[in-house]
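Notes for the structure review
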Amino acid sequence: MSSDTASVVTAAPVGTQSRWQRVRGPLLMTGGLAAATLALRARDPHRTHSWGVCPLYAATGIYCPGCGGLRAVNDITRGHIDHALHSNVLVTLAYPVGVAVLVWIVVQRWRGKPTSAAPRPWVVWTALVVALVFMVLRNTPYGTALAPV
């Protein structure tokens, strides 16, 4: 193919995209998360090894920031927020924040306002520090209340 006949494919500017094109990505992600949540509702993670084991816990006996997260989501779907908090307080608090962020992104894109899919660096660093502190605390004698039940 010669260079004079080559075509360049570029993404359509935000203003020329249809509403469906603008919200398709976030809606597909929301659908995938909803399907995973329904799967957690259907197959109870409270049953031992029903969803496998945490590799970090299996290898070291250390609870990662996500340990108990599947049980927490299952408890949230059943309306047992107190049980979810005991399974994984971090996931339980992050769940409504994630839902709110997805709703905000869909609304902004529906209105035709551009949104970035990537979070700001300070948000990423804050989340990583919170997860690390949570992991360290839940593995100390002072944080046994944070360990999954």
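Residues numbered from 1 in each chain as written. Predicted model: local features only at pLDDT ≥ 70, side-chain atom pairs only at ≥ 80, totals over all residues. Heavy atoms only, no water.

**Re the overall build of the chain**
Helices and strands together make up the secondary structure of the chain, namely 6 helices and 0 strands. For the chain, the succession of helices and strands along the chain, N to C, is α-α-α-α-α-α. When burial is assessed residue by residue, the chain has 21% of its 149 residues classed as buried. If you take every contact in the chain between residues at least 6 apart in sequence, the share linking residues at least 24 apart comes to 57%. A total of about 10,400 Å² of accessible surface is found on the chain, and carbon and sulfur atoms cover 69% of it. (Helix = DSSP H or I, 4+ residues; strand = E, 2+ residues; numbered from the N terminus. Buried < 20%, exposed > 50% of the residue type's maximum accessible area, 1.4 Å probe, protein only. Contact = heavy atoms within 4.5 Å. Areas by Shrake-Rupley, 256 points an atom, 1.4 Å probe, with all protein chains shown as cover.)

**A few points about the environment of Leu 90**
Within the secondary structure, Leu 90 is located in helix H5 (residues 89-110). Given a relative accessible area of 25%, Leu 90 falls into the partly exposed group. Sequence spacing of Leu 90 and Pro 65 is 25 residues, and the spatial spacing of their C-alpha atoms is 7.6 Å. Not counting residues within four places of it along the chain, the set of residues in contact with Leu 90 comprises Pro 65, Val 130, Ala 131 and Phe 134.

**Some remarks on the packing of aromatic side chains**
Using the criterion set out here, one finds 1 aromatic pair in the structure. Centre to centre, the rings of Tyr 57 and Tyr 63 are 4.9 Å apart; their planes meet at 5 degrees, and the pair counts as stacked. Note on Tyr 63: relative accessible area 21%, which makes it partly exposed. The ring of Trp 51 carries Arg 43 above its face, with NZ or CZ at 5.7 Å from the centroid. (Phe/Tyr/Trp six-rings, centres within 6.5 Å; stacked < 30°, edge-to-face > 60°. Lys NZ or Arg CZ within 6 Å of the ring centre and 35° of its normal.)

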